[in-house]
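Take a look at the letters that make up each chain.
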Amino acid sequence: MLKTILYFLFLFDALFIQAQSEMVRSLQQHVRFLAADSLKGRATGSKEEAVVNQYLIQNLRRAKNVSMLHWRYSFTKEKQVYNSEMVGCFVNNKSKKTILISAHVDHIGWGSNLSLSHKNNEVHNGADDNASGVALVLELQKLLVLENLGVNVLFVFYSGHELGLFGSEYLVNNLSKKWKNILLTLNFDMVGRMDKELQKVFVSSSDSLKGKFNSAFTQCNLIEADDQRLLSLDCSHFHKRGIPSATFSTGMHNDYHKTSDDEKYINYQGMEILLNAIHTWLMVNYKTDN
């Protein structure tokens, strides 16, 4: 009997490890695609941004309860008009409330005046900023479409972030009534550089969410970050409207807005830890047996 129990425990562990490895491989696939030289830094309104959006659409179509979303909008920055697009999806769990989960797609292209690198005329791939956030949200969507949640989930991939949070500003001003009440927003920006020893994750959140995530983050060191980060990222538009908001990051680093923000430095095991923690938190708080 003992041998039988040990056998099944071993089999379970093996299957768990395999599943975890598949998640890491999927995260790596997304980041490598998004941070490839061929996408030329994913500049807002570029042809490469359109290529990214098609990639997102292909990955988001996973279940019957998923409705694809597509926005076209324009904005002016320093007398230049930008025509951009954003994609996302709505997971309809027939609830009166919706959670918004987001990450920004765009980066700074060839750098220009946004670059902190001496080589500001070369491709800035933005592996951590923010291919990592996009990859995490894609994999979270893959998990959540299979769950019977008691809330709807709206997934959005913003553009226009680097130029001034224009995509998220457009969305908050054009929320659809079919999404019902937005219960809260969770945003992921630069989540690919978790320190392998300290395993820090930083969260900046509205007062109503402070301290609410701690119980799910048992595999890493969750740190309440300065509120200024909340006000400087895409969820700020929702926070200012009184919608509870939280943004997650594994921290700043010396490659921020430089040509050296490349895929080879991404800690995929760290991304997996964060992804599992968020998934656990959502299951504990919003899973339903109906």
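For clarity, every value in this text was computed on a predicted model and none was experimentally measured. (Residues numbered from 1 in each chain as written. Predicted model: local features only at pLDDT ≥ 70, side-chain atom pairs only at ≥ 80, totals over all residues. Heavy atoms only, no water.)

As for the overall build of the chain
Formally: Runs of E in the DSSP output that reach at least two residues are strands. Runs of H or I that reach at least four are helices, and both are numbered from the N terminus. Only C-alpha atoms enter the radius of gyration; for comparison, a globular chain is expected to reach 2.2 Å times N to the power 0.38, where N is the number of residues. Burial classification: accessible surface area is computed with a 1.4 Å probe over protein chains only, and a residue below 20% of its type maximum counts as buried, one above 50% as exposed, and the rest as partly exposed. In what follows, a contact means two residues having at least one pair of non-hydrogen atoms within 4.5 Å. Counted charges follow a simple rule, with Lys and Arg positive, Asp and Glu negative, and His plus the chain ends left uncounted. Working definition for charges: the position is that of NZ of Lys, CZ of Arg, CG of Asp or CD of Glu.
Within the chain, the regular secondary structure consists of 7 helices and 8 strands. For 290 residues, the compact-globule estimate of 2.2 N^0.38 gives 19 Å, and the C-alpha radius of gyration of the chain, at 19 Å, lies within 12% of that figure. Counting only C-alpha atoms, the chain reaches 75 × 45 × 35 Å along its principal axes. Within the chain, the fraction of its 290 residues that count as buried is 54%. Across the chain, contacts joining residues at least 24 apart in sequence account for 77% of those joining residues at least 6 apart. Between the centroid of the 31 positive side chains of the chain and the centroid of its 29 negative side chains there is a distance of 8 Å.

Some words on the pairing of strand β3 (residues 97–104)
We apply this condition: Strand pairing is defined by DSSP finding a minimum of two bridges between the two strands.
The buried fraction of β3 amounts to 7 of the 8 residues, a majority that puts the element mostly inside the structure. Where β3 lies against strand β5 (residues 181–188), 6 bridges are found, and the strand directions are parallel. For Lys-97, the partnering residue across the bridge sits in β5 and is Asn-181. Strand direction decides the pairing type here: β3 and strand β4 (residues 152–158), joined by 7 bridges, are parallel. In the strand pairing of β4, Thr-98 is matched with Asn-152.

Quick word on the packing of helix α2 (residues 47–60) against helix α3 (residues 127–144)
Two measures define how a pair of helices packs: the angle their axes make with one another and the distance between the axes. For clarity, the cut-off: Axes here mean lines fitted to C-alpha atoms, for a helix over just the part in contact, with angles spanning 0 to 180 degrees between N-to-C directions. Note on terminology: angles under 35 degrees are roughly parallel, angles over 145 are roughly antiparallel, angles of 65 to 115 are roughly perpendicular, and the others are oblique. Crossing chirality is assigned from the near helix's rotation relative to the far helix, an anticlockwise turn below a right angle marking it left-handed and a clockwise turn marking it right-handed.
Following both chains from N to C, one finds α2 and α3 inclined at 20°, their axes separated by 10 Å at the closest point. Accordingly, the angle class assigned to the pair α2 and α3 is roughly parallel. Pair α2 / α3 crosses with right-handed handedness. Where α2 approaches α3, its residues Tyr-55, Leu-56, Asn-59 and Leu-60 are matched on the opposing element by Val-134, Leu-138 and Gln-141.

Description of the sheet that holds strand β1 (residues 66–77)
The strand order across the open sheet built from 8 strands is β1-β2-β4-β3-β5-β8-β6-β7, with neighbouring strands paired in mixed fashion. Only two strands of the sheet have a single neighbouring strand rather than two, namely β1 and β7 (221–224). Strand after strand, the sheet turns through a mean of 20° between neighbouring axes, direction not considered. One ladder, built from 4 bridges, connects strand β6 (residues 200–205) with β7; its direction is parallel. Paired with Val-201 across the strands is Leu-222, a residue of β7.

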